[in-house]
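So you can see what is in the structure, the chains are spelled out below.
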Amino acid sequence: MATRTKLFVMMVLEIFIWGAWLPVIFGYLPSLGFDTNQSSWILNAFTIASITAMLVSAPFADRHFAAEKFMAVSHLIGGVCMIALTWTRSFWPFFGLMLAHSLFYVPTMSVANSIAFTHIKDPKRDFGPIRMGGTLGWILAAWPLYFILAGKSGAEAVPLKANVFLIAGIASLLLAAFSLTLPHTPPRPRSSGSFAWFDAVWLLRLPFVLVLFAVTFVDAAVHQGYFVLTDSFLRERVGVADDWVMPIMSLGQVAEIGTMMILGSVLKALGWRLTMFIGVLGHAVRFAVFAWFPDHVWLVVGANLLHGVCYAFFFATVYIFVDEYFPKHTRATAQGLFNFLILGAGPFVANFVWPWVKDRYTAQQVLAPGTEGVHEVSVTSYEQVFPVLALTALAGAAFLLVFFQPPAPPEAAGTADDA
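These numbers come from a predicted model, not from an experiment. (Residues numbered from 1 in each chain as written. Predicted model: local features only at pLDDT ≥ 70, side-chain atom pairs only at ≥ 80, totals over all residues. Heavy atoms only, no water.)

S.K.: Which parts of the structure should I look at to understand the packing of aromatic side chains?
M.R.: Using the criterion set out here, one finds 34 aromatic pairs in the structure. Centre to centre, the rings of Trp-21 and Phe-46 are 6.0 Å apart; their planes meet at 65°, and the pair counts as edge-to-face. Of this pair, Trp-21 sits in helix H1 (residues 3–31) while Phe-46 sits in helix H3 (residues 45–64), placing them 25 residues apart in sequence. Phe-46 sits in the buried class, given a relative accessible area of 7%. (Phe/Tyr/Trp six-rings, centres within 6.5 Å; stacked < 30°, edge-to-face > 60°. Helix = DSSP H or I, 4+ residues; strand = E, 2+ residues; numbered from the N terminus. Buried < 20%, exposed > 50% of the residue type's maximum accessible area, 1.4 Å probe, protein only.)

S.K.: Just checking my understanding: could you explain the pattern of salt bridges for this structure?
M.R.: Any two side chains of opposite charge can pair, so long as their charged atoms come close to each other. Taken as a whole, this structure holds 6 salt bridges when the rule is applied. Across the pair Arg-4 and Asp-126 runs a salt bridge whose closest N-O atoms are separated by 3.1 Å. You can see Arg-4 sitting in helix H1 and its partner Asp-126 sitting in helix H6 (residues 123–149), a full 122 residues away along the chain. Among the residues examined, Arg-4 registers a relative accessible area of 42% and is labelled partly exposed. (Salt bridge = Lys/Arg side-chain N within 4 Å of Asp/Glu carboxyl O.)

S.K.: So what exactly am I meant to see when it comes to the environment of Val-402 here?
M.R.: The residue Val-402 is located in helix H15 (residues 382–403) in this model. Along the primary structure Val-402 and Arg-273 are separated by 129 residues, whereas in three dimensions their C-alpha atoms are 9.4 Å apart.

S.K.: Just to check I follow, could you spell out the side chain of Thr-88 for this structure?
M.R.: Tracing the sequence through the fold places Thr-88 in the loop between helix H4 (67–84) and helix H5 (91–118). We classify Thr-88 as buried; its relative accessible area is 10%. A distance of 2.8 Å separates the side chain of Thr-88 from the backbone oxygen of Ala-84, its partner in a polar contact. Setting aside chain neighbours within four positions, we find Thr-88 in contact with Tyr-28, Leu-32, Pro-93, Phe-94 and Leu-97. (Polar contact = N/O pair within 3.5 Å; in protein donor to acceptor, adjacent residues only side chain to side chain. Contact = heavy atoms within 4.5 Å.)

And the structure:
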């Protein structure tokens, strides 16, 4: 099997694992009797893991472990934990297993990027089509499982929905075995006396890196707002049937396949700054449509396609940028540093801020007397909620456009290696 094909399959399996259980778990946890606080702790296992990945796991993979062997061991342990979740019904065992899985899984997202970048000649041209395998993996996992499980609820649905963890775990074990066939990626020797993560953080003293770090945090928080609010918006305001909410939201992943394929051409034509600017601006446009055209159903549905533009033109571009501008001995750690923002800090803040914004513009509305008497319902003014997200994204895009001024790659690489 050719190297590019192996890297593509690696990405398919890597994101298949995540896509198998994440769309289902939001409805699954309450069916086990977990309250909101318990469910939040389980879902925040990824946030905790992103911190440890930045400080411990990614530097360890950088310096002391061949990347393909790190992938194999991590997915072996993470897969066993995921399979065990199939039959786990109590909170503390469930949280412990999910945390253990996340601690081993999250670092592999950065390491997988590092393996890909090590074995492709032109990251700008080649990374997009390879990373597109991850998008395909998500669709292959999430779409069939969602439609199979759609409409299933109650205690009788628990064993059926629990099978998503079994499927994710099996995929993880397959990736563990497949990782041993990946091209050898040896540990990177330490070029200085400091830790790799300290070297990566130290690069934040460079203005263009600091600006990118700040915008990545803002964009990650806005990106998470899409998942926090769109589901209820489509159901409550637009009137989309429950079974069609996830497919509509997943249109962005279909669009992501196309944008990943053209990402290399866009980067060469527009450069780093304008490509990232379009990615962040896509959020502002999408949320503006949600805010001001909620009664135009097909326009709202079409706006979900911008999700692919937002991800490919910003997040995927950030990964390519890190590979080109950061010194070789800290690249996996630097990927972990930005993954900490994308998977950890940004979503963590968003999970508190955007529900608070929604509550601020939610009021009790008294319905007219009927057969069941007078009663109240909560009504959210999404026309006031989404402008907040749109303006936040617009501010991030403007900040990036004005202050993100990276030097030419050869100069930046020399500066970084001397840091």
